[in-house]
Amino acid sequence: MKILVTGGGGFVGSHVVEAELESGNEVTAIDIASPSKLSHLEDRNGFNYVKADILAKDVLKPLIEDSDLIYHFAAIANVQTYVEDPLKVMSINIDGLRLVLDIAFRNNKKVVFSSTSEIYGKNLKVPWSEDDDRVLGPTSKQRWCYSSSKAIGEHMCFAYIDLGLRVAICRFFNFYGPKLDFLGRGRVLPVFLGQFLKNEPVTVVEPGDQTRCFTYISDGIDGILKVAHTEEAEGHVFNIGTNEEISVLELAKKIKIIGKFSSEIVMVPAEQIYGKGYEDIFRRVPDISKAKRMLGWEPKICLDEGLKKTIEWYKKNKE
Ligand code: UDP
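A. The overall build of the protein, seen in detail. Along the backbone of the protein there are 11 helices and 13 strands. Counting only C-alpha atoms and orienting by the principal axes, one finds that the protein spans roughly 55 × 45 × 40 Å. Scored against the burial criterion, the 319 residues of the protein give a buried share of 55%. Pairs at least 24 residues apart make up 76% of the contacts formed inside the protein by residues separated by at least 6 positions. Here the protein contributes 41 positively and 45 negatively charged side chains, and the mean placements of these two sets differ by 2 Å.

B. Main features of the pattern of salt bridges. Summed over the entire model, instances satisfying the criterion amount to 20 salt bridges. A salt bridge links E234 to K110; the nearest nitrogen and oxygen atoms lie 3.1 Å apart. Taken together, the residues E234 in the loop between α7 (217-229) and β11 (237-240) and K110 in strand β5 (residues 110-116) connect sequence positions 124 residues apart. On the basis of relative accessible area, K110 is assigned to the buried category, the value being 7%. The closest approach of N and O atoms between K125 and D132, which form a salt bridge, is 3.0 Å. Look at K125 and you get partly exposed, because its relative accessible area is 48%. Here the salt bridges do not stand alone but share partners, grouping E118, R143 and R284 into one network.

C. The arrangement of the sheet that holds β11 in detail. Taken in spatial order, the 7 strands of this open sheet run β3-β2-β1-β4-β5-β6-β11, and their pairing is parallel. Looking at which strands have only one partner, the edges of the open sheet turn out to be β3 (47-51) and β11. Strand-to-strand twist in this sheet, taken as the mean axis angle between neighbours without regard to direction, amounts to 20°. Direction of pairing for strand β6 (residues 167-172) relative to β11: parallel, over a ladder of 4 bridges. Each residue of the ladder has a partner; that of C170, found in β11, is F238.

D. Spotlight on a positive patch on the surface. Together, K260, K308, K315 and K318 give the surface a local cluster of positive charge. Along the chain, K260 falls in the loop between α8 (248-258) and β13 (265-268).

E. Representation of the environment of E154. Relative to the helices and strands, E154 resides in helix α5 (residues 144-162). Judged by relative accessible area, E154 falls into the buried class, the value being 5%. Among all residues touching E154, those that are not within four sequence positions of it are F113, S115, I119, I169, R171 and V237.

F. Structural detail: the site of the ligand. Around the ligand, the surrounding shell holds 19 residues, and the nearest of these are V188, T203, V205, R212 and D280. One of the backbone N or O atoms of V205 is found 2.7 Å from an oxygen atom in the ligand. One nitrogen or oxygen atom from the side chain of Y278 is found 2.9 Å from an oxygen atom belonging to the ligand. For the ligand, whose free accessible area comes to 520 Å², the fraction covered by protein is 96%. Contributions of two or more residues to the shell around the ligand are made by α6 (188-197), β8 (202-205) and α9 (270-274). Here the residues of the shell around the ligand are counted per class, giving 10 nonpolar, 3 polar and 6 charged.

G. Highlighting the layout of surface pockets. When its volume is computed, the second largest pocket comes out at roughly 180 Å³. The wall of the second largest pocket is formed by I119, Y120, E130, D131, D132, R134, A151, E154, H155, F158, R171 and V237. When residues in the lining of the second largest pocket are grouped by element, the largest group, 4 residues, is from α5.

H. Molecular detail of the pairing of β5. Across the 7 residues that make up β5, a large majority, 7, are buried. Across the two faces of β5 the burial is the same, with K110, V112, S114 and T116 and V111, F113 and S115 all buried. In the sheet, β5 pairs with β6 via 6 bridges, with the strands oriented parallel. Bridge pairing in β6 links F113 to I169.

I. How the structure looks around the packing of aromatic side chains. Applying the stated criterion across every chain, the model contains 14 aromatic pairs. Ring centres of W128 and F173 lie 6.4 Å apart, and the angle between their planes is 45°; on these two criteria the pair is classed as tilted. On the criterion of sequence distance, the pair formed by W128 in the loop between β5 and α5 and F173 in the loop between β6 and β7 (175-176) is long-range, its members being 45 residues apart. Centre to centre, the rings of Y176 and Y216 are 5.5 Å apart; their planes meet at 70°, and the pair counts as edge-to-face. Of this pair, Y176 sits in strand β7 while Y216 sits in strand β10 (residues 215-216); the two residues are 40 residues apart in sequence, bridging distant segments of the chain. Y216 carries the same exposure label as Y176, and that label is buried. An aromatic cluster of three or more residues is present, and its members are Y71, F73, F172 and F175. Above the face of the W144 ring, R143 is positioned so that its terminal group lies 5.7 Å from the ring centre. The ring of F238 carries the charged tip of K290 above its face, separated from the ring centre by 5.0 Å.

Scoring rules and cut-offs
Residue numbering note: each chain is counted from 1, following its sequence as written. Side-chain atom pairs in this predicted model are given and counted only at pLDDT of 80 or more, local residue features only at pLDDT of at least 70, and totals for whole chains, interfaces and linings cover all residues. Think of the side-chain values as coming from all heavy atoms in the structure, minus any hydrogens and water. Put simply, DSSP marks the helices as runs of H or I at least four residues long and the strands as runs of E at least two long, and each gets a number from the N terminus on. Exposure classes here rest on a 1.4 Å probe applied to the protein chains alone. A residue is buried below 20% of its type maximum, exposed above 50%, and partly exposed in between. Note on contacts: a residue pair is in contact if any heavy atoms of the two residues lie within 4.5 Å. Asp and Glu are treated as the negative residues and Lys and Arg as the positive ones, with His and the ends of the chain left uncounted. Where a charge sits is defined by one atom per residue type, namely NZ (Lys), CZ (Arg), CG (Asp) or CD (Glu). Any Lys or Arg side-chain nitrogen located within 4 Å of an Asp or Glu carboxyl oxygen qualifies as a salt bridge. In this description, strands pair whenever DSSP reports at least two bridges between them. Inter-axis angles, ranging from 0 to 180 degrees, are taken between N-to-C directions of lines fitted to C-alpha atoms, where helices are fitted over the stretch in contact. Patches were defined on residues exceeding 30% relative accessible area and lacking a salt bridge, with like-charge contacts within 9 Å and nonpolar side-chain contacts (Val, Leu, Ile, Met, Phe, Trp, Tyr) within 5 Å. Computed with a 1.4 Å probe, the accessible areas rest on the Shrake-Rupley method; for each residue, only the protein chains presented here act as cover. A cutoff of 4 Å decides nearness: a residue is near a molecule or strand if any of its heavy atoms lies inside that distance of it. In the analysis that follows, any N or O atom pair within 3.5 Å is treated as a polar contact, provided that within protein one partner can donate a hydrogen and the other can accept it, and provided that, for residues neighboring in sequence, both atoms belong to side chains. Three residue categories are used. Nonpolar comprises Ala, Val, Leu, Ile, Met, Phe, Trp, Tyr, Cys and Pro, charged comprises Asp, Glu, Lys and Arg, and polar comprises the others, including Gly. Note on definitions: the grid is 1 Å and covers protein atoms alone; a cavity is a set of points where a 1.4 Å probe fits but cannot get out; a pocket is an open set with protein on both sides within 12 Å along at least five of seven lines; lining residues have an atom within 4 Å of a point. Grid points are joined across faces, edges and corners, and a volume is the space filled by probe spheres set on the points. Only centres within 6.5 Å qualify two rings of Phe, Tyr or Trp (six-membered ring in Trp) as a pair; their planes then separate them into stacked at under 30 degrees, edge-to-face at over 60, and tilted for everything else. Geometrically, a lysine NZ or arginine CZ counts as sitting over a ring once it is within 6 Å of the ring centre and also within 35 degrees of the ring normal.

This is the structure we're talking about:
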């Protein structure tokens, strides 16, 4: 099978590229970044990397035409960027998907769309099943532009599904693992690990009892591939995540113990990290019964084990 992974140079994309190559498929990745997360695959048969913008239609069109399946992962998925550059978030996330769906539709290609747990916003009724309500803050808080851009994306997917396009949607819950982000940047785990490894204070955003369910990347990839290769999943949306809930403060303490670090853990106001456009999500927990029932998927790696592997990897790859 010929597979195209948009955003194939990113965290989830690069792991999907690797998994699909392992399954014996031909894989092309398109990404605006250099292929640093895939440098070990450079000479591998059946692998091709195109460095280009997702909005470059003349580059994208022949790649989609030449593929059987498209994973659309090219997106901005970084809280700092939601609050600092919302126009970029919306343009890449909405216009990029529109382009992919349009070309896929004209050529009858299957699409897997990467959506997000941010869709549910701050709905306090956890765990969230796929049809639960979305509860968002005001549009004056740019944090919500990512959630909204992905929700528009899902609406577009469902509109194309109605027209007959084969699309399946995955909502990721805080995937983590090797290659997540550069140390000290991006999501909370590399930020904390960067601080621990430099023996600097670890900044837990107040109040610290906000929770997440961190999903180890191999479990996430396993779920995504099941969504992609199960015919019954077409036309559906799936939560892909663990339901092992932990507060951000407890996460910092756990990393400190597992990594044998000595940084102090300090509480900081959100504004110090994100500026004014930020609002936090108090609890985030998926109901994964649909993925279990329809795909036979469930996560296998507990947080302690996943953190151990991730910390080891970051200790070896510090730059
Ligand atoms: N967070 C934190 N310290 C930091 C960065 C993030 O305590 O230096 C918190 C953040 O406020 C949120 C959680 O960690 O409650 C997860 O943040 P992340 O950026 O990983 O993404 P999110 O899960 O909010 O999409």
